[in-house]
Amino acid sequence: MKILILKLCLVFSVLQLFYLHQTNADNLNAVRVIVNGEIITEFDIRRQITEALQIAKEKYGDIGFQQKEREIISNGIDELIDRKILVQEAKKVVLADPEKAAEIEKNLDAFVKGAVKEVGSLYKFYELAHKQGINPLKKRAELKEDLLIEEIMRDNVYRKIIVTPKEIRRYYQEHTDEFSREGSLSFRQILLKFSGYKTKEDAKSAAEDILNRLKNGEEFGGLAKEHSRDPHSDKGGLWESDEVKNFRKDLVDKISKLKEGEISPIIDSLLGHHIFKIEEIVPAQTLTFQQAQNEIRNILFREEFVKKRKEYLEELRKNVVIKRYY
């Protein structure tokens, strides 16, 4: 009896594992949302959120990712629903106008011809698409949807956005600190480490020789590649402005008064002898209103776009039937 029970349990376990495997295998085709009769599958959702999930995992780690995952999935589903609604409305409105429908097809053809021309031939275009796992016909359909959405957004959102000079001026006055730019510095370095010479006197002599060669017009980058033990020696000792932020502050302070193109005297540290050449100095500044107004206009436009788009979608949703299965 016990043996029979064990056999039955084993069979049940096997069937359960088989069922779970089948469920997982079929899961990608599972219907998760229906928007006015059009379905959104598990595969659609996963494709939508793959990149966001990857970024979140790298940014938040395992624990933080678990907390963020549900939010990302929810946002991804909402974005897919919004897209369905917009495409459905666009097909109803735009494609009813023969002139607009013809313009959409013309733009699609132009895009495909441009892509084919870029790779050399239609065969090559399809070959590359296949290697990248892209279905050209499906991609063309998605692009058509993008163009349709853009068309109704232009009529129902973009044209309703007005950013006045007064609003731009007010934003600048209230957010002046946003337009302050820190000063930056980039330089080249030649580093002669004490450890590379028999004595410190030998290192000093080598540094003086290089400094004299620089004063006589030899190119800094070339000497850096040849003699420097700086981690950037293969780039001619160049430290870009964003890299300088992580450079030793005491050494940066010692060269901060030099002018562009000026070469420093030999500067000693516990590591060795340093010689610097200033590449570029960008002084700290606050953008004037004239300099900042285009950036402000874009900021205000984006803010208003988000608001108007939300209002437009809320209006469309009143006539949409949405069924969720998750």
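Just so you know, these numbers come straight off a predicted model, no measurement behind them.

Participant: Quick question: what am I supposed to make of the overall build of the protein chain here?
Facilitator: Scanning the protein chain for helices and strands turns up 11 helices and nine strands. Taking 2.2 N^0.38 as the reference for a compact globule, 326 residues should give roughly 20 Å; the C-alpha atoms of the protein chain span a radius of gyration of 32 Å, well beyond that estimate. Its C-alpha atoms give the protein chain principal-axis dimensions of roughly 85 × 80 × 50 Å. The 326 residues of the protein chain split such that 31% are buried. Sequence-distant contacts, at least 24 apart, represent 68% of the contacts inside the protein chain between residues at least 6 apart. For the protein chain, the exposed surface amounts to about 22300 Å²; the carbon and sulfur share of it is 53%. Where the 57 positive side-chain charges of the protein chain centre and where its 56 negative ones centre are 4 Å apart.

Participant: Help me understand helix α4 (residues 122-131) in this model?
Facilitator: Residue pairs three or four apart in sequence face the same way in an α-helix, which turns once every 3.6 residues. The distance from a side-chain oxygen at the start of α4 to the backbone nitrogen of Lys124 is 3.1 Å, and the residue carrying that oxygen is Ser121. In the segment just after α4, Gly133 is the residue with positive phi, at about 75°.

Participant: Is there a simple way to explain the packing of aromatic side chains in this structure?
Facilitator: Geometrically, a pair of aromatic rings is defined through the distance of the ring centres and the angle of the planes. Evaluated as defined, the whole model comprises 10 aromatic pairs. Aromatic side chains Tyr158 and Phe305 sit 5.6 Å apart centroid to centroid with 25° between the ring planes, which places their arrangement in the stacked category. Placement of the pair is Tyr158 in the loop between α5 (136-156) and α6 (165-174) and Phe305 in helix α11 (residues 289-317), with a sequence separation of 147 residues. Classification of Tyr158 as partly exposed rests on a relative accessible area of 25%. Of the residues examined, Phe305 reaches a relative accessible area of 21% and is grouped as partly exposed. Seen in terms of ring centroids, Tyr172 and Phe289 are 5.6 Å apart; in terms of plane orientation they differ by 70°. Their pairing is edge-to-face. Here Tyr172 is found in helix α6, whereas its partner Phe289 is found in helix α11, with 117 residues between them in sequence. For Phe289, a relative accessible area of 11% gives the class buried. Taking NZ or CZ as reference, Arg169 lies 3.7 Å from the ring centre of Phe289, over its face.

Participant: Could you clarify how one ought to interpret the sheet that holds strand β1 (residues 31-35) in this entry?
Facilitator: Within a sheet, neighbouring strands are paired by backbone hydrogen bonds and run either parallel or antiparallel to one another. Spatially, the three strands line up as an open sheet ordered β2-β1-β9, and their pairing is antiparallel. Looking at which strands have only one partner, the edges of the open sheet turn out to be β2 (38-41) and β9 (322-324). Between one strand axis and the next, the sheet turns by 20° as a mean value, whatever way the strands run. In this structure, β1 lies alongside β2, joined through four bridges in antiparallel fashion. Its bridge partner lying in β2, Val35 is registered against Glu38.

Participant: Would you take a moment to explain helix α7 (residues 200-215) for this structure?
Facilitator: Relative to the 22 Å expected for 16 residues at 1.5 Å per residue, α7 spans 23 Å between its end C-alpha atoms, a close match to the ideal helical length. Among the residues making up α7, those that are buried are Ala203, Ala206, Ala207, Ile210, Leu211 and Leu214. All buried residues of α7 project into a common sector of 135° when viewed along the axis, lining one side. Counted as exposed and oriented over 90 degrees from the buried face of α7: Glu201 and Lys215.

Participant: Before we go on, may I ask you to explain the pairing of β1 in this structure?
Facilitator: Along any regular strand, the residues point their side chains to alternate faces of the sheet. Once β1 ends, the chain turns through two residues before running back antiparallel as β2, passing Asn36 with a positive phi of about 50°. Direction of pairing for β1 relative to β9: antiparallel, over a ladder of three bridges. Paired with Ile34 across the bridge in β9 is Lys323.

Reading guide: rules and limits
Residues numbered from 1 in each chain as written. Predicted model: local features only at pLDDT ≥ 70, side-chain atom pairs only at ≥ 80, totals over all residues. Heavy atoms only, no water. Helix = DSSP H or I, 4+ residues; strand = E, 2+ residues; numbered from the N terminus. Rg over C-alpha atoms; globule rule 2.2 N^0.38 Å. Buried < 20%, exposed > 50% of the residue type's maximum accessible area, 1.4 Å probe, protein only. Contact = heavy atoms within 4.5 Å. Areas by Shrake-Rupley, 256 points an atom, 1.4 Å probe, with all protein chains shown as cover. Lys, Arg positive; Asp, Glu negative; His and termini not counted. Charge placed at Lys NZ, Arg CZ, Asp CG, Glu CD. Polar contact = N/O pair within 3.5 Å; in protein donor to acceptor, adjacent residues only side chain to side chain. Phe/Tyr/Trp six-rings, centres within 6.5 Å; stacked < 30°, edge-to-face > 60°. Lys NZ or Arg CZ within 6 Å of the ring centre and 35° of its normal. Pairing = 2+ DSSP bridges. Axes fitted to C-alpha atoms, helices over the stretch in contact; angles between N-to-C directions. Expected span 1.5 Å × (residues − 1). Arc of directions from axis to C-beta.

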